[in-house]
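Here is what each chain is made of, one letter per residue.
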Amino acid sequence: MSVEWIEQVLQLTVQMGTVYLLASLGEIYAERSGVLNLGLEGTMIMGAATSFIFSLAYGHFAAIIMSIIVGALMGFILSILVVDMKLNQVIVGLALTMLGIGLSGFITFPEIRKNLLLRLNPYLPQEILATQQSEKLPEIPIPLLSDIPILGKMFFSHNILVYFSLIASLIMWFILFKTSIGLTIRSVGENPSMADSLGVNVYLVRRVTVILSGAFASLAGAYFFIGFHPFWREEVTAGRGFIALALVILATWNPLRAILGAYLFGGVETFQYRLQLFGLGAQSPYFLAMLPYIVTIITLIIISTESIKKRLGAPASLGIPYSREE
Amino acid sequence: MAKLLAIPYTVKIQKRTYITRKVSISITFLSLILAFLVVGLIFIFMGINPVDVYYHITMVFSSPTLLFESFKRAIPIGLAALGLSIAFRMNFWNIGAEGQMYMGMFASTGIVLLHLYYGLIPDYLVMFLMMLAAFITGGLWCSLPAFLKIKMKVNEILTTLMMNYVAMYFVDFLIYGPWRDPKGYGFPLSAPFPDYAKLVMLLGEFAYTGLLLLSLTAALVYVILKYTKLGFELKIVGESIDTARYAGINLSKVITLGGFLSGGVAGLGGLTIVSGIIGRLRPRASPGYGYTAIIVVLLSSLNPWLIIPVSIFFGGLFVAGDILQAALKIPGAAVEICQASIFLFIIVGEFIKRYRIMIVQKGGIE
Amino acid sequence: MEELVSLRGIVKRFPGVVANDNVDFSLRKGEIHALLGENGAGKTTLMNILYGLYRPDSGEIFIEGRRVKIESPRDAIKLGIGMVHQNFKLIPSHTVLENIILGLKEVGLIINYKAIGEKIKQLAESYGWRINPSAYVWQLTAGEKQQVELLKLLYRDAKILILDEPTSVLTPQECKILFQALRRMANEGKGVIFITHKLDEVFAISDRVTVMRRGKVVFLKETSKTNMSELAQYMVGRPVIFTIEKKEVQPSEEVMVIKNLKAFNDKGVLALKGVNLTVMKNEIVGIIGVTGNGQQELVEVISGLRKATEGSILIDGVNIVNNSPEKIIKLGVAFIPPEPLKYGIIPNLTIADNLFMKAYRYKPYSNGVLINWKTIYEKSEELVKAFQIVSPSLSAQARSLSGGNLQRLILARELSGLIGERIPRLIVAAYPTKGLDIGATEFVHKTLIEYSRRGSGILIVSEDVEEALMVCDRVAVMHDGKIVSVFKPGELDIEKIGLMMAGVEIAST
């Protein structure tokens, strides 16, 4: 195992982990305010699909912006259904995931994709209309820092969204724990009726955090597609939204801990591909594919144990709709 | 953004005390129409003529052959939904019917292969053992999260969901590996099942045998929930775990057993896929029947009898999806969109039935 | 004198009840106004309307002479109204400071913990309180939590303070501190509304008193111009009976013997620190104490809902510590739980379901697999009559019953001998009359006394000292996880009992 090999694995670990990190950041806010967004997977795949289409039609910048908008929209729909109408968060989230997978499935069909692209931009050349892939986001190595052995590759030789995810984690941690906005969000998730009695608009807070979770999940999908693996196939995100959901728990609803958890999951997945390259996992790639899910289940078991739960308890009103007057 | 979302009007929601049957039915009907309208708009946006799509969907329910095909699809969906109705009764959010079905497929195929390759089991016992194995394996796959929930308070929504993927990859492994048919030209398929391992023997046709199996299971589930000690215990556990503990109910036993039955019935559903619809095991043999079952059971409001017609409707949508893909080159995903939006609109409709929604101007200091 | 609040003609209906029926109420600047009434008289509803938690169906609200519409607590806070609820609305996992500044615009975006903490400390000191702003709320005592609640209002410069039964969780000494602080606030020109159902508090603290009964205001006077018996009459609508008839029966054999019992509470803190107690046949033993001194944990351990770490509980000589609830039920231990709606009743299920929540698994109601619904319904019919439960039908949801009828339903289930066809050996009743009206309370008292005379041993946990002294044959005072004193009613005066509840005085008995 050369240094180069280690550098490559670590770089890929961070790149893979960024998918989970981005998706979990928004979800941390939603869950801190008391809403479980199970539509994460559907939102993520919509983000990937949107970024695919828009990167072909108008380039990377449009792809990122549009995927954020689409995700926010899906978050908005979810928020109306579960925050305002107080419908069951689990089933509405799953329905939204089905909707996302279904909608994104359309663009797998070349004919439909072509129609869509031409509608967006009638001047696209033929080869773009027919392609299955889009151009990858460029890597922007940070001068000097990227030359540091190992760390340079790991943290300073990535595309813009990886840097963004790290900065966003810091900012979102600061907002959550050091500002009055964060205090409001945490309070709404712990005791909405109390927050209400102090004049906090519980519904508004939850609406905003759920929209945020949609936007981030969709951005995660966009990153996964144009920033990591720009080849379209049906169900391209393959359940990664659900893994992000588990990451939120592993990170105990803390954006900084989410960074560590995300890279752990990213590492597991990278390792799986690497082993396959070495022929080690060749006979059983399927067992390695199970690994993230099994790690997640074990994580769930560990953080559910009494002694750890006491210190890192879940938001007290997670999953419970709030209504003022019974 | 926060300012923008703070609308100066507020929605006032009030519980309705009374609603006529007529109004109730028309709301459901309206929800369905709205769902199809919205889906139609999506189709238009994608450049597909929605009339074509709806034409093919109606075809499914008017043509006897296609309706027959829908019955077939309804059987695994219905069985999974019946299983879920047990779990949901005790407020156990099992969204792992898909994985439990894969475990059922795994177990029943295992029995067939044991028989074919090693001749361990006599012909007449194969079907019985397949059912038993599918039930037990599916059941165990669900009792694990149930056990974790009651013993360690592990959230079952996430465990059952994650275990779906584990089960699916496990079946992938088998079928791309040790269970691949040596005579299958390298395709990822198991050896084809002999006739006595298929659900045709009793009535000559899978749809009939399957519907019989579905109805019998529905009757059994109905009796369990309504007339047995376990059914009563599931009901109390579902309403309040604290009260159930106070009443002296053995929570570990009830929840683990409830989970076992729930997964077991879903496992049987898995069996009907390999031994009824396909006739052998292949990877990704379920196009999401286990998730559709969640929608079915909720739309049937946990009523075992209602589950049968609702599954036939959703089975029909799957058939329609296949036809659309073949005839119109429209992705089968269209069906998923239909399912999800029908579901969303109907639960919103249910909400409107229960509550009166009024939009009033926000008050303040006059 | 200037009027801070004036409520006129307030009407509020809930399904099936008129909680406020054309109510008028006023609060003046600098006064402490007691709002007196029994549980369910409509006091809290009225104050929730003033605080914007409920919207009135009709009526007008004036604040400092201006007519206002209060749609939410946000509006109320803007108008300078603050409320301390009966159950504290604090977040245990947040700090004192975070609880106080939640929802405040002046704090700004980034919280300046140091400056705000200093301000809170000074504010607290001006009322004679010592509070650490960076302590977590779960570390505080009940009295300190209440101070935090008040600081929350004072920090917001509230002019109108509503306190909903603020003394129910306090020791007499903590009450004194609270009353001093409230008087100081009134002297500063604030108005204080003091909701209570305790007569002595009205005289200890208030300037004026309004009495409510069944949703209406029935009385309003300066406190100095009225007296206890007048208020009591208006409150209950008839002269209060302060005695209850009890047949003398000699307690014979020991039903339950608790020895050196230790157990943890939910937070992992030792809540029972070696409890010793005996309950005899034909005897009612009462446990009194300030809420949160281990009473809840004790009844949970007896009924098998909580594990004990040490000690024993013998029921007729059989040690039941850490047995399953089912085993304990089978031994003849009945349990009337606190908060019926949390444990004791499932509102969505039928009355028959609720009656047979425990007995469904025994013969003749079940053969081991199937349930015999016919027998259950026949027996339910009988029970509903015997316990005078007023209900539309046996298959009606329990949620349709009133509080008193729910408690009758629980009594019917627990006491009527559905299991093993005999009356219970031991009845554990936790706060059996909390939230009930006088009539229902009397029924519960009478029923419990009747069963004790018929041979059950009874353990009642109560937060109402007078109830305990009236009903029980022996009373035990619980403080800090221990029984600090056991005495017979009449042996000790109420001041001394109060001091023992506060842990100040340990009795020599």
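Structure's up top.
Bear in mind the structure is a predicted one, so any value in this text is a computation, not a measurement. (Residues numbered from 1 in each chain as written. Chains lettered and ligands numbered in written order. Predicted model: local features only at pLDDT ≥ 70, side-chain atom pairs only at ≥ 80, totals over all residues.)

Chemist: What should I look at first to understand the overall build of chain B in this one?
Modeler: Helix and strand content of chain B: 14 helices and two strands. Relative to the compact-globule value of 21 Å for 366 residues, chain B shows a C-alpha radius of gyration of 23 Å, a close match. Dimensions along the principal axes, computed over C-alpha positions, put chain B at roughly 85 × 60 × 40 Å. In chain B, buried positions account for 52% of the 366 residues. Partitioning the intrachain contacts of chain B with sequence separation of at least 6 by distance along the chain shows that 77% fall at a separation of at least 24. (Helix = DSSP H or I, 4+ residues; strand = E, 2+ residues; numbered from the N terminus. Rg over C-alpha atoms; globule rule 2.2 N^0.38 Å. Buried ≥ 20, exposed ≤ 12 C-beta atoms within 10 Å, placed from the backbone. Contact = placed C-beta atoms within 7 Å.)

Chemist: Mind showing me how you'd approach the environment of proline 337 of chain C here?
Modeler: With respect to the helices and strands, proline 337 of chain C occurs in the loop between strand 16 (333-336) and helix 11 (351-355). Considered as a pair, proline 337 of chain C and alanine 430 of chain C are 93 residues apart in the sequence and their alpha carbons are 5.4 Å apart.

Chemist: It is not clear to me how the pairing of strand 20 (residues 482-487) of chain C should be interpreted in this structure. Could you clarify?
Modeler: Looking down a regular strand, the side chains alternate between one sheet face and the other. Residue and element names in this part refer to chain C. When strand 19 (residues 474-479) meets strand 20, the two strands line up antiparallel, connected through five bridges. Each residue of the ladder has a partner; that of valine 475, found in strand 20, is phenylalanine 487. Between the end of strand 19 and the start of strand 20, which pair antiparallel, lie two residues, with aspartate 480 showing a positive phi angle near 50°. (Pairing = 2+ DSSP bridges.)

Chemist: Whenever I open this one, the sheet that holds strand 1 (residues 3-14) of chain C confuses me. Can you help?
Modeler: In a beta sheet, neighbouring strands are held together by backbone hydrogen bonds and run either parallel or antiparallel to one another. Residue and element names in this part refer to chain C. Within the open sheet, the four strands sit side by side as 2-1-4-5. Their pairing is antiparallel. If you trace the sheet from one side to the other, it starts and ends with strand 2 (17-28) and strand 5 (66-68), each paired once. Neighbour-to-neighbour, the strand axes of this sheet turn through a mean angle of 25°, independent of strand direction. Strand contacts of helix 1 (residues 43-50): strand 1, strand 2 and strand 4 (58-63), with the helix running at about 115° to strand 1, the strand carrying the most contacts. (Axes fitted to C-alpha atoms, helices over the stretch in contact; angles between N-to-C directions.)

Chemist: Explain the interface of chain A and chain B to me, please; I cannot follow it from the model alone.
Modeler: The parts lose accessible area when they come together, and the size of an interface is often stated as this lost area. Taken together, the contact between chain A and chain B spans 42 residues of the former and 42 residues of the latter. Contributions of two or more residues to the side of chain A that touches chain B are made by helix 4 (89-106), helix 5 (110-120), helix 11 (202-228), helix 12 (240-250) and helix 14 (285-304) of chain A. Taken together, the residues of the side of chain A that touches chain B break down into 28 nonpolar, eleven polar and three charged. (Nonpolar A, V, L, I, M, F, W, Y, C, P; charged D, E, K, R; others polar.)

Chemist: Would you take a moment to explain the nonpolar core for this structure?
Modeler: By size, the foremost hydrophobic cluster in this structure holds 377 residues, and its most contacted members are Ala220 and Leu247 of chain A, Met130 and Ile294 of chain B together with Leu50 and Val428 of chain C. Counting residues per element, this core draws most heavily on helix 11 of chain A, which supplies 17 residues. Here this core spans two domains, since at least three of its residues come from each of domain 1 (19-48 + 330-366) and domain 2 (69-328) of chain B. Excluding anything up to four places from it in sequence, leucine 50 of chain C contacts Val5, Leu7, Ile61, Ile70, Ile81 and Ile162 of chain C. (Core = buried A, V, L, I, M, F, W, Y, C linked by C-beta atoms within 7 Å. Domains from an automatic or database assignment.)

Chemist: In this structure, what is going on with the interface of chain C and chain A? I would like to understand it.
Modeler: The partner chain A presents 21 residues to the 19 residues of chain C that form the contact. Per element, the largest residue contribution to the side of chain C that touches chain A is three residues, and it comes from helix 2 (residues 73-78) of chain C. Looking at the side of chain C that touches chain A residue by residue, the class counts come to eleven nonpolar, five polar and three charged.

Chemist: Can you help me understand the packing of helix 4 of chain A against helix 12 (residues 289-299) of chain B in this one?
Modeler: A pair of packed helices is captured by two measures, namely the crossing angle of their axes and the spacing between those axes. Two elements in contact, helix 4 of chain A and helix 12 of chain B, have axes separated by 11 Å at closest approach and are oriented at 135°. The angle between helix 4 of chain A and helix 12 of chain B places the two elements in the oblique class. Judged by the twist between their axes, the crossing of helix 4 of chain A over helix 12 of chain B is left-handed. Contacts between helix 4 of chain A and helix 12 of chain B involve Ile91, Leu94 and Met98 of chain A from the first element and Tyr291, Ile294 and Leu298 of chain B from the second. (Parallel < 35°, antiparallel > 145°, perpendicular 65-115°, else oblique. Left-handed = near helix turned anticlockwise from the far one by under 90°.)

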